[in-house]
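Fold and contact review
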Amino acid sequence: MSETSVREAEIAVEQKHVDIVYARVAEMRDEAEAMRTRGDQLAHGARDEAVFEQAAMLFERDVMVRHANQILRSLDAEHEGLVFGRLDTTEGETMYVGRLGVRDTEFDNLVTDWRAPAAAPFYQATAEMPMEVIRRRVIRSTGQAVVDIDDDLLMPEARLDNMPVVGEGALMASLTRARGENMRDIVATIQREQDEAIRAPWRGVTEITGGPGTGKTAVALHRVAYLLYRDRRRMGGSGVLVVGPSPAFTSYISRVLPSMGEDSVELRSLSDILDEVKATRVDPAPVAAVKGSLRMRRVLKKAIREAPADAPTELRIVYKGEVLKLDARELAAVRNAVHNGRKPPNQSRVDAAEALLEALWRKADSYEDFPVKRSELITELGERIDFHRFVVVWWQLLTPAEVLHGLSDRRRLARASGRVLTRAEVDLLADSWADPAAGPSVADVALLDELRVLLGKPPKRRVRKTDTSSAELRTWSERQTGPGYHRPDNYDEYSHIVVDEAQDLSPMQWRMVGRRGKYASWTVVGDPVQSSWPDPAEARQAQTAAFGGPRTQHRRFALRTNYRNSAEIFDLAGRVVTDVATADQLPHAVRSTGIDPLVRVCTEPDLTPGALTAATELLRQVDGTVGIITATSRVGEMRSAVLGLSEDRLRVVDGLESKGLEYDAVVLVEPGELIRESTTGPRTLYVALTRATQRLTVLTTDPKWPDAR
Ligand SMILES: Nc1ncnc2c1ncn2[C@@H]1O[C@H](COP(=O)(O)OP(=O)(O)OP(=O)(O)O)[C@@H](O)[C@H]1O
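Residues numbered from 1 in each chain as written. Predicted model: local features only at pLDDT ≥ 70, side-chain atom pairs only at ≥ 80, totals over all residues.

Describing the site of the ligand
Near the ligand there are 23 residues, and of these Thr189, Pro212, Gly215, Lys216 and Thr217 occur at the shortest range. Within the residue set of the shell around the ligand, elements represented by two or more residues are helix H4 (170-175), helix H6 (216-230) and strand S15 (561-566). Taken together, the residues of the shell around the ligand sort by class into eight nonpolar, eleven polar and four charged. (Near = placed C-beta within 6 Å. Helix = DSSP H or I, 4+ residues; strand = E, 2+ residues; numbered from the N terminus. Nonpolar A, V, L, I, M, F, W, Y, C, P; charged D, E, K, R; others polar.)

Below you can see the structure in the form of structure tokens.
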């Protein structure tokens, strides 16, 4: 038989099995729907039962509905085929691997869930360590139709005569496919070193490092799906948070978990971690460096002790015909004493009122021939409306945004910073907050979160409780995930937190993220060579504190293969970090395309038209996405220039925004500018140069680039 007919015959074999699976899945869907209905009936029935039976029925219903919903979610997820793998073992057994476990009516396995321990050899078996696997097959489907297969023969000596082996490697086929708007899952082609990190135990901190394109993000997301599968009650109940560098990044990865049937995971970028605050701008690198430093905590702590700019500086009150007066110095002493108490300011207004009354009493007591009783004065003045009016404006309840805006006043900021910031740093910060209409920057979000905690929650007005009879009939899982359920604002009890591009978090951002995971275990992925944070030691210290201290269990995995870039593109990228990276920090790019990157030298005015020309060429040459990466100052002009060229396939981003993203082809505009605008220069350029899978064009005004940097 020719190779083509062997392949077709084998595709037909797999199609037969896939058809059986889908027929069974249709039955499962009906069963799950029925289970959900039965669950609802149980809940209704529970209303009429005694308390004990009610609890038992609700628990049963809880389990049933959760299970049914999980199955339906997995079945409805958008993906490329439910069954994607097959193992043939020396025991003569065949096992199919897929996105969820499917059993027939006799309870025999039709498909094993990829996350189950039994499926591990699909990812871990190698020719050196075959784990009894003779042949590993990757099955590629479109919808319910099998379109191709790729085999790996792991034990040639054990191969039976009638066991065909076809294909040129599923991994390469997957790596050369055109990239779209969203990242795809890699369940069918996870590699052994990646699988080890995915299946690592949940406890403590799992740190995954590796160069660009080594699959760190993909691995972290598959690890989330794995952890939810293995321990859904612990992980799902308290929730999983994935933190990425930018909204563009969270949008890029947003389809991966849903394609594996997981849609309860929260994805947030560093600009929207704090509820009800959304960063609208990115600070220039020197400003971000100051705002991100731990020194800011000391500045903010001092800032909240100072009286608001519009607070009165004198208290005059007439009591029994005498004027009692507290001047600015006396008021400041009272304010100081209240701040020295243990409560945050927004919860100290009553204490402030009491301290003022005490000061007024001391004043009255110092007057000669003014016989007043302490308890009388305190009670009577404490009930006076003019006194209350004073307290409200003198001890204001503050929002984090008000405090931060107050620091746009240079003198106020200088007072708060003492010797902590230099005069130049004070100027930088005051300027950055001068325009209230500019909105918060990404670095401000961490400061606002810090202030939220330092200021404390203002006391809540009492709200009359509404009827809770129907709420009591909701089960635990409904309360956690059902319609209308919202986690409390700034929820801080996630069971697991994933931090992507961890090398870029500033110390203040680590504090913000750490606050969300008081009891969490962590998966942290990053690459020190791609870092854009200038003081890694300080960030490391804040990171360790976020994880709960140096004694927290820590396991590390290093990924060494670059699956994204062609070898030709990565060769060029590697050259710009030779001074800052060691050889073993650079990954190995496995795929060669024979297409070298283009470096075009042009004049400054030609950069924009040149980028337009290059992007037009690349849009013709690749099927997927094209990215133009340029300095922040050029993004606006470049976006206008490419308007209408290809809305769905072309994107313009700056160096920082390009973090974590990937395109089939990239036009990189003026590398020197990317270096100059970042505090970590060549590292940011390295990030930008490692975004393309197929083709790269660099436009530069420097005829010697990349050699003379
Ligand atoms: N085992 C694999 N099978 C198929 N594709 C893979 C595999 N591992 C990684 N990839 C692909 O390689 C590309 C890079 O992966 P990913 O973005 O996770 O890398 P990264 O290490 O996070 O990169 P960076 O640090 O540059 O952001 C993605 O398109 C991903 O789907």
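Quick notes on the pairing of strand S20 (residues 663-669)
Within a regular beta strand, the side chains point alternately toward one face of the sheet and then the other, so they alternate between its two faces. By the criterion of burial, S20 is predominantly enclosed, with seven of the seven residues buried. Where strand S18 (residues 626-630) lies against S20, four bridges are found, and the strand directions are parallel. Across the sheet, Ile629 pairs through a bridge with Leu668, a residue of S20. The pairing of S20 with strand S21 (residues 692-700) spans six bridges and is classified as parallel. (Buried ≥ 20, exposed ≤ 12 C-beta atoms within 10 Å, placed from the backbone. Pairing = 2+ DSSP bridges.)

As for helix H25 (residues 607-621)
With 15 residues, H25 extends 21 Å between its outermost C-alpha atoms, agreeing within 8% with the 21 Å of an ideal straight helix rising 1.5 Å per residue. Burial in H25 covers these residues: Leu607, Gly610, Ala611, Ala614, Ala615 and Leu618. Angularly, the buried residues of H25 cover 135 degrees about the axis, an arc narrow enough to put them on a single face. Turned more than 90 degrees from where H25 packs its buried face, Pro609 and Arg620 sit exposed. The elements touched by buried residues of H25 are strand S17 (598-601), S18, helix H26 (632-642), strand S19 (650-654), S20 and S21. (Expected span 1.5 Å × (residues − 1). Arc of directions from axis to C-beta. Contact = placed C-beta atoms within 7 Å.)

Some words on helix H11 (residues 295-303)
What H11 keeps buried is the set Met296, Val299, Leu300 and Ala303. An end-on view of H11 places all buried positions within 95 degrees of arc, on one side of the element. Buried residues in H11 make contact with helix H10 (285-292), helix H16 (400-406), helix H17 (410-417), helix H19 (442-455) and helix H22 (507-515).

Structural notes on the UniProt feature "binding site: ATP" (unreviewed entry) in the chain
Here, the residues flagged by UniProt with the feature "binding site: ATP" (unreviewed entry) are Gly210, Gly211, Pro212, Gly213, Thr214, Gly215, Lys216 and Thr217. Structurally, the position occupied by Gly210 is in strand S7 (residues 205-210). The exposure class assigned to Gly210 is buried, which follows from the 24 C-beta atoms found within 10 Å. Sequence-distant contacts of Gly210, that is, excluding residues within four places in its chain, are made with Lys216, Asp527, Ala558, Leu559, Arg560 and Pro587. For Lys216, the position within the fold is in helix H6. (UniProt positions renumbered as here; feature names shortened; annotations may be inferred.)

A look at the domain arrangement of the chain
What the domain assignment reports for the chain is domain 1 (3-177), domain 2 (192-275 + 489-559), domain 3 (285-305 + 400-455), domain 4 (315-394) and domain 5 (567-700). Between domain 4 and domain 5, the C-alpha centre-to-centre distance is 64 Å. (Domains from an automatic or database assignment.)

Description of unusual backbone geometry
Pro706 follows Trp705 through a cis peptide bond whose omega is 5 degrees. As for its placement among the helices and strands, Pro706 is situated in the segment after S21. In the Ramachandran plot, Glu276 falls in the positive-phi region, its phi being about 65 degrees despite a non-glycine side chain. Take Glu276: it is sitting in the loop between strand S9 (266-269) and H10. Located in the positive-phi region is Lys320, a residue other than glycine, with phi close to 50 degrees. According to the C-beta neighbour criterion, Lys320 is exposed, with 12 such atoms within 10 Å.

Let's talk about the sheet that holds S18
One open sheet accounts for five strands, arranged S17-S21-S20-S18-S19; its pairing is parallel. Of all the strands in the sheet, just S17 and S19 have a single pairing partner and so form its edges. Looking at each pair of strands side by side, their axes are set apart by 20 degrees on average, direction ignored. (Axes fitted to C-alpha atoms, helices over the stretch in contact; angles between N-to-C directions.)

Looking at the environment of Asp263
For Asp263, the location among the structural elements is in the loop between helix H9 (256-259) and S9. Residue classification places Asp263 among the exposed positions, given that 12 C-beta atoms sit within 10 Å. Taking the C-alpha atoms as reference points, Asp263 and Arg73, separated by 190 residues in sequence, lie 8.2 Å from one another. Beyond its immediate stretch of four places on either side in the chain, Asp263 contacts Arg73, Leu257 and Pro258.

Describing the sheet that holds strand S4 (residues 109-113)
Across the sheet, which stays open at both edges, the six strands sit in the order S3-S4-S2-S1-S5-S6 with mixed pairing between neighbours. Strand pairing shows two members of the sheet lacking a second neighbour, strand S3 (102-103) and strand S6 (145-153), which therefore form its edges. As paired elements, strand S1 (residues 83-89) and strand S2 (residues 94-98) share five bridges and run antiparallel to each other. Opposite Arg86, over in S2, you have Tyr96 as the bridge partner.

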